[in-house]
Amino acid sequence: MLQFSKRLASKGPRVTLITTTSISESAKAISSHSVNIETISDGSAESKPFDTTDAHFENFNMTVTQSLTKLIETQNNSNHPPNFLIYDSAMPWALDVARQLGLDGAPFFTQSGSVDAIYYHANRGTIKFPFEGPTASLPSMPPLGINDLPSFMSNTGSYPALYSIMLNQFSNFDQPNWIFYNTFYELEEEVC
């Protein structure tokens, strides 16, 4: 996300990279002169350990939503109010936050187009788990065997929270006006 932010800033707009408390120290170490860095709470410093991963992610979503809203409201009253929010695709609810505050927004997908195509089709029900046959066919991709998939997808019970996050990043895929991918079209033109 930092490299994307630097590239975007080189084109002229003022860019602020928003990071969370749990990774803020590493973000400070890689600071940039062209990108402003702001830190918001993700609940990691304030909360005790959670009983389940789902409870942790629920707290993360709630805390980041509140912190992001507060930051945008503060920035709206500054000399440089934001006018667009690019968010990690694993946080599709950030589009709702942006639009409630009068901004437009777009997800930034950081995995390859091929991997995201698998997640997209799993989210839409085009590919079913567990596999019913030896392979699955998806548009613009060769037949996929169980070993071609991310391991948590072949055994959906192994990491249920991760499975949910990866598939839910496409829950509002048809709503943003823009979508950003970290890929080269020439490498994955059939998929993208």
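Shown above is the structure to which this text applies.
As a starting point, this report considers the structure included with it. Position numbers for residues count from 1 along each chain, tracking the sequence in the order it is written. Totals for whole chains, interfaces and linings use every residue, but because this is a predicted model, local features are given only for residues with pLDDT of at least 70 and side-chain atom pairs only at 80 or more, for both listing and counting. Side-chain measures here rest on the full set of heavy atoms in the structure, leaving out hydrogens and waters.

1. Let's talk about the packing of aromatic side chains
Rules: Two aromatic rings from Phe, Tyr or Trp, using only the six-membered ring of Trp, form a pair when their centres are within 6.5 Å; if the ring planes differ by under 30 degrees the pair is stacked, by over 60 it is edge-to-face, and anything between is tilted. Numbering of helices and strands starts at the N terminus; helices are DSSP runs of H or I of at least 4 residues and strands are runs of E of at least 2. For the exposure calls, accessible area comes from a 1.4 Å probe over protein chains only, and a residue counts as buried if that area is under 20% of its type's maximum, exposed if over 50%, partly exposed in between.
Taken as a whole, this structure holds 8 aromatic pairs when the rule is applied. When the centroid spacing of 4.5 Å and the interplanar angle of 20° are considered together, the rings of Phe-4 and Phe-108 count as stacked. Separated by 104 residues along the polypeptide, Phe-4 in helix 1 (residues 2-9) and Phe-108 in strand 4 (residues 104-109) bring together distant segments of the chain. The buried category is assigned to Phe-108, whose relative accessible area is 4%. Ring geometry for Phe-109 versus Tyr-181: centroids 4.8 Å apart, planes at 10°, classification stacked.

2. Remarks on the pairing of strand 3 (residues 84-88)
Heads up, the rule is: For two strands to pair, DSSP has to find at least two bridges joining them. With the strands aimed away from the viewer, a crossover counts as right-handed if its path from the first strand over the helix to the second runs clockwise.
Bridge count between strand 3 and strand 4: 5 bridges; the pairing is parallel. By the bridge assignment, Tyr-87 is partnered in strand 4 with Pro-107. Handedness of the β-α-β unit built from strand 3, helix 4 (residues 94-100) and strand 4 comes out right-handed.

3. Comments concerning the sheet that holds strand 3
Strand order across the open sheet formed by 3 strands is 3-4-7, with parallel pairing between neighbours. Only two strands of the sheet have a single neighbouring strand rather than two, namely strand 3 and strand 7 (180-181).

4. Some details on the environment of Thr-19
With respect to the secondary-structure elements, Thr-19 resides in strand 1 (residues 15-20). Separated by 49 residues in sequence, Thr-19 and Leu-68 place their C-alpha atoms 10.0 Å apart.

5. Digging into the nonpolar core
Here is the rule we go by: By nonpolar core is meant a set of buried Ala, Val, Leu, Ile, Met, Phe, Trp, Tyr and Cys residues that side-chain atoms within 4.5 Å join together. Contacts were defined at the residue level, with two residues in contact if any of their heavy atoms lie within 4.5 Å.
Ranked by size, the top nonpolar core spans 18 residues in total, and within it Ile-118, Tyr-119, Phe-129 and Met-153 carry the most contacts. Put simply, the parts of the chain that give this core at least two residues each are helix 5 (113-124), helix 6 (151-154) and helix 7 (160-168). With 4 residues, the single largest contributor to this core is helix 5. Those residues in contact with Met-153 that sit more than four places away from it in its chain are Ile-118, Tyr-119, Ala-122, Phe-129, Tyr-163 and Leu-167. Leu-85, Trp-93, Val-97 and Leu-103 belong to the second largest nonpolar core, which has 15 residues in total.

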